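This is what each chain is made of:
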Amino acid sequence: MPPAIEASALSKTYPGPVVALAGVELTIARGTIFALLGPNGAGKSTTVRVLCTLTRPDRGSAQVAGVDVLADPVSARRVIGVVGQKHGADLEATGRENLVLQGEFYGIVGRGLKQRVEESLDRFGLAAAADRQAKTYSGGMQRRLDIAMGLLHRPRVLFLDEPTTGLDPEARVALWREIERLAAEERMTILLTTHYMDEADRLASELAIIDRGQIVARGAPEQLKSELQGDGIQIELAESENANAGAALARLDGIREVELDGRTLRARARDGGAAIPSVLATLERHGIKATAVTVARPSLDDVYLRHAGRAFQAEQPELEEASA
Amino acid sequence: MTPLRQTWQVYLRGARTLRRQPAYLGMTIVQPLIWLLMFGALFRAVSRIPGFHGSYVDFLTPGVVMMLAVFSAGWTGMGFVEDINAGVMDRMLASPVWRGALNAGTVAYGAFTVVIQTVLIVLLALGLGADFRGGVVGVLVLILAAALLGAIFASLSNCIGLLARQRESVIGAVTFVQLPLTFLSAALMQPSLLPGWIRAAARFNPVNWAVEAARSAAMQRADWGLVAGRVGLLVALLLLAALLATRAFAAYQRSL
Ligand SMILES: Nc1ncnc2c1ncn2[C@@H]1O[C@H](COP(=O)(O)OP(=O)(O)OP(=O)(O)O)[C@@H](O)[C@H]1O
Ligand SMILES: [Mg+2]
């Protein structure tokens, strides 16, 4: 079976000239959730606009659900759903009117349409507000309406451009559940862009980091984190000032960057979990008592900063240190 | 079938907006009445110019109708500008909706507004003692010509909205074309009293086509050949304008 999304060598330059995409390559398997991360202006929305037929790249090719989006955009539009970064609902119209018009645009009519509209109003908690103008909705309700509209025709591939920006924590979690449900139960392929690491970490089975129009890293979240080769190990000692403890640890194979700070001993290990037994054994041999040991896996923040952190680091150097 | 359905749905969207904004509805109704009264009072003396025949209200009614059709339908493109700014346009264009329906629906709505305004002007003109010698059929031709003219300018306005994507451009275009098109026609002045160069320019002016067709059918003893010819020209221009507007979606998408 072909992948749900396949893009190769996508390039696009806006007048200016602003290079928005400089050879983006993407392959996304069916039924998976894929996150596209990157700083402002990296090219996330442009990638989405190209893949959902809104705009054409200068070069490159792209297929979505087996349809060539450049050669046959009309067929592609039938099988994809799009929720843009901006609101897409007509705020002068009611929630129901928005959904009905959206259905008509996809050729869904009559009783089938009516039923689908009711279902999706229920599913997104908009039933009570269905006949109010969307401009009276809260930000979260408007976002839910956008998503309900993007899903009304049951697309096979869904594009979500920063779907949770502006949502409160509860609404975010609710939307995450819905996204997970769509991928798991309806075998929908979902490409989402986000600035939130926790979102990508929780939802995506695979992610890519895009910077200045290029994919600079990609893989499963776990894989990307382990590529950083550095779990943090933190040991709380029973007594302070054990200078020889640090020296002993530093001699161990695979242990780096040993640091003693009062009673806290910090080190990095390629695989923290595997290193712990030998670390504890070494401490014991030197007669040093440890009261607590923690191993911290590198976070996606670390991955992100490593690959796309330039601009970020320049502005806020202390952040880089905090996460290192 | 689907294109027609979609056109109807887009039209309904526009009609709902009008219903929800009573102030706008009020303006739509009051505006034509003010225009006719104003022009009527202002230009009454014109009918005393040597060489002018007949009543000025009879003469003026089709002219005011067409002037207003251009003016009122000319704003249609504002809707697209709003849609673009609100993200609504991109959402619609990511769907398989027929682009022609997005244009045709809003154009139909613009033309519908023109029809309402035209009917109001006709009623007021009757109250002022106008003599619609063409009867009901003549008035229907007047309404048809106004609707066609309105549709042409609604479509062109959509085109400008999509290409320029700015309110200012639409406002500029409407104000720029309205007066020249009105004065380069027989809308407010009998053709025989117009300078030669204006009469020449008027032959290529859609406002003049609509005025001539409406005046002949509604206010005089109809010259059906002339009426059919002018209406034919309007229909042809409308098709061209609709084609342009439908193409403009692709141009807009290229700028995304
Ligand atoms: N229609 C356009 N015309 C001109 N330049 C554009 C246009 N759209 C995007 N760009 C430029 O292309 C680059 C990529 O923009 P894009 O919107 O894809 O970034 P993004 O990753 O989605 O950023 P954000 O996180 O801020 O949404 C930016 O430099 C942007 O200014
Ligand atoms: Mg973006």
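Refer to the structure above for everything that follows.
Nothing here was measured: the structure is a model prediction, and the numbers come from that model.

Let us now look at the packing of helix α3 (residues 95–105) of chain A against helix α4 (residues 110–123) of chain A. All names here are of chain A. The contact between α3 and α4 brings their axes to 10 Å, and the two run at 135 degrees. Considering the angle they form, α3 stands oblique to α4. Regarding α3 and α4, the two cross each other, and that crossing is right-handed. For the pair α3 and α4, contact is made by Arg96, Leu99, Val100, Gly103 and Glu104 and by Leu113, Val117, Glu118, Ser120 and Leu121, respectively.

So, on to the coordination of the magnesium ion (ligand 2). All names here are of chain A. Protein coordination at the magnesium ion (ligand 2): the donors are Ser45 (OG) and Gln85 (OE1), at 1.9 to 2.0 Å from the metal. Linking Ser45 in helix α1 (residues 44–51) with Gln85 in the loop between β6 (80–83) and α3, this pair joins segments that are 40 residues apart in sequence. Overall, Ser45 belongs to the buried group, its relative accessible area being 16%.

It is possible for side chains of opposite charge to pair when their charged atoms get near one another. All chains considered together, the criterion is met by 20 salt bridges over all chains. A:Glu104 is paired through a salt bridge with B:Arg5; the nearest N and O atoms lie 2.7 Å apart. Highlighted residues: A:Glu104 in helix α3 and B:Arg5 in helix α1 (residues 2–20), drawn from two different chains. The exposure class assigned to A:Glu104 is buried, which follows from its relative accessible area of 4%. The closest approach of N and O atoms between A:Asp198 and A:Arg172, which form a salt bridge, is 3.4 Å. Here A:Asp198 is found in helix α7 (residues 197–203), whereas its partner A:Arg172 is found in helix α6 (residues 169–185), with 26 residues between them in sequence. In this structure, a network of salt bridges that share partners links the residues A:Arg123, A:Glu178, A:Arg181, A:Glu185 and A:Glu186.

As a further point, take the interface of chain A and chain B. Taken together, the 29 residues of chain A in the interface contact 27 residues of chain B. Connecting chain A to chain B are four salt bridges. Contributions of two or more residues to the side of chain A that touches chain B are made by β1 (5–14), α2 (73–79) and α3 of chain A. Per-element accounting of the side of chain A that touches chain B gives the leading share, six residues, to α3(A). When the residues that make up the side of chain A that touches chain B are grouped by side-chain class, the tally is twelve nonpolar, eight polar and nine charged.

Criteria and thresholds
- Residues numbered from 1 in each chain as written.
- Chains lettered and ligands numbered in written order.
- Predicted model: local features only at pLDDT ≥ 70, side-chain atom pairs only at ≥ 80, totals over all residues.
- Heavy atoms only, no water.
- Axes fitted to C-alpha atoms, helices over the stretch in contact; angles between N-to-C directions.
- Helix = DSSP H or I, 4+ residues; strand = E, 2+ residues; numbered from the N terminus.
- Parallel < 35°, antiparallel > 145°, perpendicular 65-115°, else oblique.
- Left-handed = near helix turned anticlockwise from the far one by under 90°.
- Contact = heavy atoms within 4.5 Å.
- Donors = N, O, S within 2.8 Å, 3.2 Å for Na, K, Ca; no water.
- Buried < 20%, exposed > 50% of the residue type's maximum accessible area, 1.4 Å probe, protein only.
- Salt bridge = Lys/Arg side-chain N within 4 Å of Asp/Glu carboxyl O.
- Nonpolar A, V, L, I, M, F, W, Y, C, P; charged D, E, K, R; others polar.

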